[in-house]
Amino acid sequence: MEQLYNQPWEWGFDVGHSWRTSGDIYPCWECEINHGSWSAFGVLRILDKQAGLRKHTGPGHWNDMDMMELGMGMTEDEDRAHFSIWAMMASPLISGNDLRSMPESTRKILTNKDVIAINQDKLGVQA
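Residues numbered from 1 in each chain as written. Predicted model: local features only at pLDDT ≥ 70, side-chain atom pairs only at ≥ 80, totals over all residues. Heavy atoms only, no water.

**Some remarks on the overall build of the protein chain**
Here is step 1: When helices and strands are tallied, the protein chain shows four helices and four strands.
Here is step 2: Sequence-ordered secondary structure for the protein chain, helices as α and strands as β, is β-β-β-α-β-α-α-α.
Here is step 3: For a compact globule of 127 residues, the expected C-alpha radius of gyration is about 14 Å, and the protein chain comes in at 14 Å, within 12% of that figure.
Here is step 4: Seen through its principal axes, the protein chain has C-alpha atoms that stretch 40 × 40 × 25 Å.
Here is step 5: Counting only contacts in the protein chain whose residues sit at least 6 apart along the sequence, the fraction spanning at least 24 positions is 62%.
Here is step 6: Only carbon and sulfur atoms are counted for the fraction: they give 53% of the accessible area of the protein chain, which is about 7,300 Å².
Here is step 7: The averaged location of the 18 negative side-chain charges in the protein chain is 6 Å from the averaged location of its 11 positive side-chain charges. (Helix = DSSP H or I, 4+ residues; strand = E, 2+ residues; numbered from the N terminus. Rg over C-alpha atoms; globule rule 2.2 N^0.38 Å. Contact = heavy atoms within 4.5 Å. Areas by Shrake-Rupley, 256 points an atom, 1.4 Å probe, with all protein chains shown as cover. Lys, Arg positive; Asp, Glu negative; His and termini not counted. Charge placed at Lys NZ, Arg CZ, Asp CG, Glu CD.)

**Examining the side chain of Gln50**
Here is step 1: Positionally, Gln50 belongs in the loop between helix H1 (43-48) and strand E4 (62-64).
Here is step 2: In terms of polar contacts, Gln50 uses its side chain to reach the backbone carbonyl oxygen of Ile46, at 2.9 Å.
Here is step 3: Apart from the residues within four sequence positions on either side, Gln50 is in contact with Thr21, Asn63, Met65, Met89 and Gln126. (Polar contact = N/O pair within 3.5 Å; in protein donor to acceptor, adjacent residues only side chain to side chain.)

**Here we look at unusual backbone geometry**
Here is step 1: Phi at Gln7 takes a positive value of approximately 40 degrees, unusual for a residue other than glycine.
Here is step 2: Within the secondary structure layout, Gln7 lies in the segment before strand E1 (18-20).
Here is step 3: Residue Gln7 is classed as partly exposed on the basis of its relative accessible area, which comes to 31%.
Here is step 4: If you check the backbone angles, Ala90 has positive phi at about 60 degrees while not being a glycine.
Here is step 5: Following the sequence through the fold, Ala90 ends up in the loop between helix H2 (76-88) and helix H3 (104-110).
Here is step 6: Judged by its relative accessible area of 6%, Ala90 is buried. (Buried < 20%, exposed > 50% of the residue type's maximum accessible area, 1.4 Å probe, protein only.)

**Points about the nonpolar core**
Here is step 1: Counting residues in hydrophobic clusters, the biggest one holds 16 residues, and the most contacted among them are Ile46, Met65, Met68, Leu70, Phe83, Ile85 and Trp86.
Here is step 2: At the level of secondary structure, the elements contributing two or more residues to this core comprise H1, H2 and H3.
Here is step 3: When residues no more than four places from it in sequence are discounted, the contact partners of Ile85 are Trp29, Val43, Leu47 and Met65. (Core = buried A, V, L, I, M, F, W, Y, C linked by side-chain atoms within 4.5 Å.)

Have a look at this one:
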């Protein structure tokens, strides 16, 4: 499993409340965009990088899978699944789209109270 070189989930709880668990995200379902010395990853590639990290998350210390890419070019079904995956994984729900111009379908996904409740569960258990 390719991980960040410094594995912040091993030591980050001493200095912060969240840490990135992958490289940058790209608005695609399953892709890798190679930029030479680094790559950006699609939703499923980032999900794959979470294997084994469940034990490092909980109240006050969170595995951050990067900002979400809803409304940035994937299908509505992919956006809905993307939001649900981030919620189930207890990742911070940070929207990467322009909130001023997002379509109504994206707003509905981002404001789904049931999905948000899964993410905000007090136990903070990652799927």
